[in-house]
Structure formats: structure tokens, C-alpha cells
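Examination of the molecular architecture
Here are the chains, one letter per residue:
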Amino acid sequence: TILNSPDLPNGAYSLVEYYCGERDCDCRRVMISVIYKREMKAVATISHAFEPGGRHIAEQTFLDPLNPQGRHAPALLGVFKNVLNHDSAYQERLERHYAMVKRAVADPTHPVHRHLSKFPSSKHTIEASLARQPVVRSEPKVPRNAPCPCGSGQKYKKCCESRPSAAPDPS
């Protein structure tokens, strides 16, 4: 809870941690979404790295450039860094949770492994996007005002175009 800060609105904030779920990655990184409870939305996303053995890398704790940031994000980053500097138990917890996630990802018998495997890794997602081929039509597109190819006698826009799941009848 933050009260009477010159840089931040009063209220409760939550830190939601996200850990890397890729099996062969050892990034030692955690993403932290800062949720402003009054609005129930993320107001900052912080990327944080650490080295094994408790050495946290302050210069590798920054606002994530790939996520939208609220106007108070820089001040929230300062609060987060302050917490890291003064709360060794929190630092240890981040490392412990990272190790727990990595064990679950690597162990197919772990109870949460099947849940983690539902999410494609970024490596597989990138490879899949690169492998996609553009869709090529085998027949020309039916103009909206043309007679419907199903043979109903109606315009295409009033018949099969308005029912996307309905396929034209081949008869």
C-alpha cells in the first residue's frame, strides 16, 4: 500500500510474477506486472534478472519495452528497486519460484507440467509463424452483390456470406 507519495496515487498495488516456461532457457528473468487495485489493471511491467546465488542485477531491472506502461511506471520501477534493495526474503523468493517453475517444466511427472505444456514456447511460436505460407484462393472471391454460388437465387451478401459457417450446397 502506498500512501502520501508525491509520485504515486494512494492505494494498494500488487506484484504479479511471470516466469519463463521454456524448457531449455536459463534466462534467470522474471516479469513483474504491477496492478493498481483500485482500477484492477496493470500500470507497469518490470523485467528483472538475477544471477544464481543472490546477485541481483540492478541495471537489468527495467520497464519492459514490449508492454504498455502507465504514466506512473517510472515511479513504480523505483519502488520495486527499493524493495529489492531492502528485502532479501523477496529476492530469495523470486529465485526460489524461478527454480520451481524450471523444475516443473523439465519434469513431465510434475502435477503442473501438463498445464505448462499447453502454452507454446516463444521458440515454437516464432518457428510456426515463419513456416506459415500465405493463403492462396483456388477460386476467385465471390462479389457481395453477385448471385450466391449455392444456387438459392439470392445475392451472396444476403445468403452464404451472412452465414460464415454454412458452406454452399454443391448441388
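That block above? That's the structure.
It should be emphasised that the depicted structure is a prediction, and the values quoted were computed from it without experimental measurement.

This paragraph deals with helix α1 (residues 73-86). Along its 14 residues, α1 runs 20 Å from first to last C-alpha, staying within 8% of the 20 Å computed at 1.5 Å per residue. All of the buried residues along α1 are Ala73, Leu76, Leu77, Phe80 and Leu84. Burial along α1 is one-sided: seen end-on, the buried residues are contained in an arc of 105°. Along α1, the residues that are exposed and aim more than 90 degrees away from the buried face are Pro74, Asn85 and His86.

So, about the side chain of Thr45. Along the polypeptide, Thr45 turns up in strand β3 (residues 41-51). Using a relative accessible area of 8% as the deciding quantity, one classes Thr45 as buried. Once residues within four sequence positions are removed from consideration, Thr45 is found in contact with Met31, Ile32, Ser33, Phe62, Leu63, Asp64, Asn67, Pro68 and Gln69.

Computed from the structure, the second largest pocket encloses a volume of approximately 250 Å³. Forming the boundary of the second largest pocket are 13 residues, of which Tyr13, Ser14, Leu15, Val79 and Val83 lie nearest the centre. Listed by contribution, the elements that provide at least two residues to the lining of the second largest pocket are β1 (13-19), α1 and α2 (88-106). Considered class by class, the residues forming the lining of the second largest pocket number nine nonpolar, two polar and two charged.

As a further point, take the nonpolar core. Counting residues in each nonpolar core, the largest one holds 20 residues, and the members touching the most others are Tyr13, Ile32, Val34, Leu76, Phe80 and Leu94. Elements with a contribution of two residues or more to this core: β1, β2 (29-36), β3, α1 and α2. No other element matches the five residues that α1 contributes to this core. Ignoring anything within four residues of it in the chain, the contact list for Phe80 reads Leu15, Ile32, Ile46, His48, Thr61, Tyr90 and Leu94. Cys150, Tyr156, Cys159 and Cys160 belong to the second-largest nonpolar core, a separate cluster that totals five residues.

About the criteria used
- Every chain is numbered independently, its residues counted from 1 as its sequence is written.
- Local features are withheld for residues below a pLDDT of 70 in this predicted model, meaning they are given only at 70 or higher, and side-chain atom pairs are given and counted only at 80 or more; totals for whole chains, interfaces and linings count all residues.
- The basis for every side-chain value is the complete set of heavy atoms in the structure, and neither hydrogens nor water enter the calculation.
- Going along the chain from the N terminus, every DSSP run of H or I of four or more residues is numbered as a helix, and every run of E of two or more is numbered as a strand.
- In this scheme, a helix's expected span is set at 1.5 Å multiplied by one less than its residue total.
- Remark: exposure states derive from per-residue accessible area (1.4 Å probe, protein chains only) relative to the maximum for the residue type, with buried under 20%, exposed over 50%, and partly exposed in between.
- This arc describes the spread of directions from the helix axis toward the C-beta atoms.
- Contacts: residue pairs with any heavy atoms within 4.5 Å of one another.
- A cavity, in this analysis, means grid points on a 1 Å lattice covering only the protein atoms where a 1.4 Å probe fits yet has no way out; a pocket is instead an open set bounded by protein on both sides within 12 Å along at least five of seven lines, and a residue lines either one if it has an atom within 4 Å of a point.
- Grid points are joined across faces, edges and corners, and a volume is the space filled by probe spheres set on the points.
- Amino acids are sorted into nonpolar (Ala, Val, Leu, Ile, Met, Phe, Trp, Tyr, Cys and Pro), charged (Asp, Glu, Lys and Arg) and polar (every other residue, Gly among them).
- The definition of a nonpolar core used throughout is a set of buried Ala, Val, Leu, Ile, Met, Phe, Trp, Tyr and Cys residues joined through side-chain atoms within 4.5 Å.

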